[in-house]
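Structural characterization, general
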Amino acid sequence: MAYAGLSEISRGSLAVWRRNLDAFIKTYKVNFIPPFVEPVLYLLALGYGVGALIQDVDGIPYPVFIAPALVSISVMYSAFFECTYSSYVRMYYQKTFDAMIATPLSIEDVITGEILWGATRGTIYAALMIPVLFLFGVIDMPTSLLLIPFAFPAGFLFSAIGICFTAVTPGIDALNYPAFLFITPMFLFSGTFFPIGILPQTLQYFAFGFLPLANIVNVNRAITMGEFSPVLLYNIVWVLLVALLFFIIGLNLMKRRLVD
Amino acid sequence: MEIITAHNLEKYFGTLAAVDGISFSVKKGEIFGFLGPNGAGKTTAMKMIHCVSKRTGGDLRVFGLDTDIEPRMIKQRLGVVPQENNPDPDFTTFQNLTIYARYFGIPRSEAEKRAEELLEFMQLSEKRDAPIETLSGGMKRRLIIARALMNEPELLILDEPTIGLDPQARHLIWEKLRHLRSIGCTLVMTTHYLDEAERLCDRLVIMDSGKILVEGSPAELVRKYAGKEIVEAAANPEFVACLKEKRIEFEVFGDTIQVQADDPQIIAQIMMESCGRERITVRMATLEDVFLKLTGRTLRE
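Reading guide: rules and limits
- Residues numbered from 1 in each chain as written.
- Chains lettered and ligands numbered in written order.
- Predicted model: local features only at pLDDT ≥ 70, side-chain atom pairs only at ≥ 80, totals over all residues.
- Heavy atoms only, no water.
- Phe/Tyr/Trp six-rings, centres within 6.5 Å; stacked < 30°, edge-to-face > 60°.
- Helix = DSSP H or I, 4+ residues; strand = E, 2+ residues; numbered from the N terminus.
- Buried < 20%, exposed > 50% of the residue type's maximum accessible area, 1.4 Å probe, protein only.
- Pairing = 2+ DSSP bridges.
- Patch = residues over 30% accessible without salt bridge, like charges linked within 9 Å, V, L, I, M, F, W, Y side chains within 5 Å.
- Areas by Shrake-Rupley, 256 points an atom, 1.4 Å probe, with all protein chains shown as cover.
- Salt bridge = Lys/Arg side-chain N within 4 Å of Asp/Glu carboxyl O.
- Axes fitted to C-alpha atoms, helices over the stretch in contact; angles between N-to-C directions.
- Left-handed = near helix turned anticlockwise from the far one by under 90°.
- Contact = heavy atoms within 4.5 Å.
- Nonpolar A, V, L, I, M, F, W, Y, C, P; charged D, E, K, R; others polar.
- Disulfide = S-S within 2.5 Å.
- Buried area = accessible area lost by both parts, 1.4 Å probe.
- Polar contact = N/O pair within 3.5 Å; in protein donor to acceptor, adjacent residues only side chain to side chain.
- Expected span 1.5 Å × (residues − 1).
- Domains from an automatic or database assignment.

1. So, the packing of aromatic side chains
Residue and element names in this part refer to chain A. If you walk through the whole model with that rule in mind, you get 26 aromatic pairs over all chains. Taking 6.2 Å as the distance between ring centres and 75° as the angle between the ring planes, the aromatic pair formed by Phe80 and Phe165 counts as edge-to-face. Residue Phe80 is found in helix α4 (residues 62-93), and its partner Phe165 is found in helix α7 (residues 147-168); the two are separated by 85 residues along the sequence. A residue is classified by how much of its surface remains accessible, and Phe80, at 0% relative accessible area, is buried.

2. So, the sheet that holds strand β5 (residues 65-66) of chain B
On the basis of which strands lie adjacent, the open sheet formed by four strands has the order β2-β1-β4-β5 (chain B) and antiparallel pairing. Edge positions in the open sheet fall to β2 (16-27) and β5 of chain B, since each of these has one partner strand only.

3. Things to note about a nonpolar patch on the surface
Residue and element names in this part refer to chain A. The grouping of Val30, Ile33, Phe36, Val37 and Leu41 at the surface amounts to a nonpolar patch, some 440 Å² of accessible area in total. No other element matches helix α3 (residues 33-49), which puts four residues into the nonpolar patch. The residue Phe36 is located in helix α3 in this model. Under the relative-accessibility criterion, Phe36 is labelled partly exposed at 35%.

4. With respect to the packing of α3(A) against α4(A)
Residue and element names in this part refer to chain A. Running from N to C, α3 and α4 point in directions that differ by 145°, and their axes come no closer than 10 Å. You can see that α3 and α4 cross each other, and the crossing is right-handed. Residues Glu38, Pro39, Tyr42, Leu43, Leu46, Gly47 and Tyr48 of α3 pack against Tyr62, Pro63, Ile66, Leu70 and Ser74 of α4. Split into classes, the residues belonging to the contact of α3 with α4 amount to nine nonpolar, two polar and one charged.

5. Structural notes on the state of the cysteines
Residues and elements named next belong to chain B. Enumeration over the complete set of coordinates arrives at one disulfide over all chains. Here Cys242 engages in a disulfide with Cys275; their sulfurs sit 1.8 Å apart. Here Cys242 and Cys275 share a disulfide; its torsion about the S-S bond, -75°, makes the bridge left-handed. You can see Cys242 sitting in helix α9 (residues 237-245) and its partner Cys275 sitting in the loop between α10 (264-273) and β14 (280-284), a full 33 residues away along the chain. By relative accessible area, which is 11% here, Cys242 ends up buried. For Cys275, a relative accessible area of 15% gives the class buried.

6. Let's talk about unusual backbone geometry
Cis peptide bonds are those with omega within 30 degrees of zero, and the linkage from A:Met141 to A:Pro142 qualifies with 0°. In this structure, A:Pro142 sits in the loop between α6 (107-135) and α7.

7. Topic: the interface of chain B and chain A
Taken together, the contact between chain B and chain A spans 24 residues of the former and 25 residues of the latter. At the boundary of chain B with chain A, total buried surface from both sides reaches about 2200 Å², with 53% on carbon and sulfur atoms. At the boundary of chain B and chain A, one finds four salt bridges. The partner of B:Asp88 in a salt bridge is A:Arg19, with the nearest N and O atoms 2.6 Å apart. Where chain B packs against chain A, one counts 14 residue pairs in polar contact (both at pLDDT 80 or more).

8. A few points about helix α11 (residues 231-258) of chain A
Under the 1.5 Å per step criterion, the end-to-end length of α11(A) is 40 Å for 28 residues, consistent within 8% with the ideal 40 Å. Tucked inside the fold, the buried residues of α11(A) contact α4, α6, α7, α9 (201-210) and α10 (212-225) of chain A.

9. Here's the deal with the pattern of salt bridges
Within the structure shown, the criterion is met by 29 salt bridges over all chains. B:Arg102 is the salt-bridge partner of A:Asp22, the closest N and O atoms lying 2.7 Å from each other. Highlighted residues: A:Asp22 in helix α1 (residues 12-26) and B:Arg102 in helix α3 (residues 93-103), drawn from two different chains. Note on B:Arg102: relative accessible area 24%, which makes it partly exposed.

10. Digging into the domain arrangement of chain B
For interface size, the figure often reported is the accessible area lost on association. One can read the domain layout of chain B as domain 1 (2-219) and domain 2 (228-284). Spacing between the C-alpha centres of domain 1 of chain B and domain 2 of chain B amounts to 41 Å.

Have a look at this one:
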């Protein structure tokens with residue numbers, strides 16, 4: 001109970017993480033498709049299709065403008081869906097969590113392993129997208145390699161939020177609510193496909209105050225543009241603190257769900 | 001030496017008592033059974049022993065350690081076979097064992113060695129690299145038992161180990177469980193199969209509504225609560241009246257009359273000669289008679 005469950009986390013969480021990595025590697029052919037195909041589709045349809053109608057965004061060619069957003073979105077989707085639908089399947093249908101907590105692992109180890117894995121999956125996806133985007137000439141090297149280390153805390157944040165929903169959902173279908181009401185609007189309104197600056201002032205504050213993706217896109221765009229400003233410090237600290245907050249909430253909600 | 005000791009162990013879910021102040025102890029090297037109808041509190045008691053459910057009252061020690069304070073230490077030394085098979089469907093039979101070993105921090109080479117041995121022991125070597133969905137129910141059950149043995153546990157907890165298995169598979173599992181006992185492992189199990197409890201358990205408790213009704217060896221319990229033999233015959237009003245007249249104590253279960261007897265020939269003779277019954281069955285009393293006598297015949301959900 002001490003320290004909101006954080007003291008119950010051990011190295012065992014890495015065994016949980018490793019189990020998920022092993023399962024991912026076993027089916028790597030399917031898993032590696034999205035990070036290669038998604039950016040190509042988005043770049044062709046939006047970057048060059050819609051982009052043909054738009055000269056530039058603040059002097060930046062449109063495909064270059066959306067490239068960092070595509071990486072951010074991929075991290076969001078892969079991490080969030082891993083820790084909602086996939087975690088729920090492991091928890092409820094496969095009873096994998098039950099098998100794990102019958103060993104020396106604690107609930108906190110299991111949940112931490114799940115979130116670390118979601119973050120890792122997001123990072124793998126970001127890393128796989130980079131060569132594709134580079135081949136399209138929409139990101140610069142080597143600065144854009146910084147997208148990879150930042151994908152980890154970003155993925156951790158979405159995984160932790162995902163786990164919170166998984167802990168309270170009455171069934172797998174109800175996970176569609178956060179997917180459509182939280183993730184999809186964020187996908188569209190976080191400075192992804194148009195600059196956040198064209199929104200009314202209050203909505204801009206709302207976006208940076210409450211939307212994880214808006215903060216992450218801002219950091220990733222600064223990385224690919226190579227333009228760093230003090231606002232980024234705010235974005236990064238926000239991501240880290242909110243990730244920690246949802247991590248703690250997720251641990252406790254899961255403990256309530258799984259231990260009686 | 002006592003492996004498990006429980007004193008007034010309690011588990012409340014809100015105001016509902018799932019386990020209502022039970023005391024028992026399990027000795028090293030014995031097979032100890034929890035019997036009882038559905039909802040009696042057996043599984044809850046087992047969950048508290050393997051530290052996934054927290055008690056709400058009383059005291060519970062496993063290996064002398066408090067389950068509330070040292071769950072990791074306790075879980076390191078015990079194996080669990082849950083009621084529902086839960087192999088990891090993303091991996092093969094062999095990988096199920098080696099991945100499970102990682103949760104105990106067992107080094108890889110040691111884990112692989114034990115996995116091979118246990119596949120052999122549970123007669124699953126042929127299915128070593130098979131995906132889980134190709135295993136039959138009996139094979140999955142054996143895999144779960146093999147998995148529970150990966151950490152070489154001193155105590156094995158089994159929740160209905162042979163549920164839904166064919167007779168061949170049940171006999172194989174019984175043989176393996178007896179072998180484990182012979183090498184010093186302590187086993188705690190629940191079962192609804194009373195013949196299984198009678199064959200395997202050194203001692204058992206029968207629970208109902210969260211309480212322990214009786215405790216003892218199967219033979220002791222049968223002797224004490226069901227007598228030596230049971231005489232059975234079809235019931236009808238005249239027959240019942242005749243037995244009453246002869247001052248024979250009996251019980252009616254649906255369309256059958258049962259008489260507990262140490263001298264069944266005499267009872268059978270009275271039934272045949274004085275009460276005119278021709279079809280009479282005389283059989284040994286079993287644990288099932290004790291169970292039904294103590295917990296009643298009402299259906300439980």
